[in-house]
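Read off the chains here:
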Amino acid sequence: QMPAEEDAVELGSCFERFTSAVCASSAFGAVVGCARAAWGADAPAVFRSRSFPAVAKTAGALASGAALFGAIGGAYASVTCAAESARNARDAYNGALGGLASGAVVGLRNGKVGHAASAGAAFALASAAVDASGRKIARGDAWEDRATPERIAYPYRERR
């Protein structure tokens with residue numbers, strides 16, 4: 001039996017969300033790994049004109065950061081999309097479940113269930129707060145109270 005057209009579109013969007021989350025999170029994680037390799041306490045050093053060990057250690061830091069952040073983004077996107085499909089609703093609960101899963105990934109990296117639970121709760125709370133704000137954390141017309149003044153950014157222009 002072939003899935004309905006709407007179901008195929010929904011599956012495609014879940015796959016696209018998962019793929020884009022993993023790619024974007026992995027890229028950010030590689031940048032974090034690069035910073036950790038350059039400025040961290042365990043920054044690789046070149047000894048006796050042998051640069052390969054330092055390059056290998058830097059590549060390992062990049063890969064470690066990319067893998068961790070990719071797993072965080074993938075867990076969030078997949079659980080959020082699965083909850084959305086299972087509940088047939090798009091609300092803050094789906095994001096909270098995704099935050100719980102991504103926090104668990106962070107905590108389980110240390111191998112401690114307590115860290116996984118606390119990180120999951122923190123990520124779920126953060127995701128629920130963003131969803132509750134209407135995801136309108138931007139300048140310009142995003143502030144609906146009309147009391148918050150618009151911030152002038154470059155290029156400077158006069159206020160209306």
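Conventions used here
- What you see as residue numbers is a count from 1 along each chain, following the sequence as written.
- At least 70 in pLDDT is required for a residue's local features to be given in this predicted model, at least 80 for side-chain atom pairs to be given and counted, and no such filter applies to totals for whole chains, interfaces and linings, which use all residues.
- Excluded from the side-chain calculations are hydrogens and water; all other atoms, namely the structure's heavy atoms, are used.
- Here, two cysteine sulfur atoms that lie within 2.5 Å of each other are counted as a disulfide.
- Here a strand is any run of E in DSSP of at least two residues, a helix any run of H or I of at least four, and the numbering for each starts at the N terminus.
- Only centres within 6.5 Å qualify two rings of Phe, Tyr or Trp (six-membered ring in Trp) as a pair; their planes then separate them into stacked at under 30 degrees, edge-to-face at over 60, and tilted for everything else.
- Three exposure classes are used, based on accessible area relative to the maximum for each residue type with a 1.4 Å probe and protein chains only: buried under 20%, partly exposed in between, and exposed over 50%.
- One confidence number per residue, pLDDT, is output by the predictor and ranges from 0 to 100.
- Pairs of residues are marked as contacts when any of their non-hydrogen atoms sit within 4.5 Å.

**With respect to the state of the cysteines**
Point 1. Here the structure, examined in full by the defined rule, presents one disulfide.
Point 2. Covalent S-S linkage joins Cys14 and Cys81, the inter-sulfur distance amounting to 1.6 Å. On the S-S bond that ties Cys14 to Cys81, the torsion sits near -70°, and the link is left-handed. Separated by 67 residues along the polypeptide, Cys14 in helix α1 (residues 5–39) and Cys81 in helix α2 (residues 52–87) bring together distant segments of the chain.

**Concerning the packing of aromatic side chains**
Point 1. Taken as a whole and assessed by the stated rule, the structure comprises one aromatic pair.
Point 2. Ring geometry for Phe28 against Phe69: centres 5.3 Å apart, planes inclined by 75°, an arrangement best described as edge-to-face. Taken together, the residues span a long stretch of sequence, with Phe28 in helix α1 and Phe69 in helix α2 at a distance of 41 residues.
Point 3. For Phe69, a relative accessible area of 23% puts it in the partly exposed group.

**Description of the confidence of the model for the protein**
Any segment with low pLDDT has predicted coordinates that should not be analysed in fine detail.
Point 1. On average, residues of the protein score 80 in pLDDT, and 71% of them are at 70 or above.
Point 2. The secondary structure element of the protein with the lowest average pLDDT is α1, at 81, and the one with the highest is helix α3 (residues 92–109), at 91.
Point 3. Here residues 1–9 scores under 50 on pLDDT; set against residues more than four positions off or in separate chains, the count is zero contacts.

**Some remarks on the environment of Val32**
Point 1. Checked against the element boundaries, Val32 lands in helix α1.
Point 2. Overall, the relative accessible area of 33% leaves Val32 in the partly exposed class.

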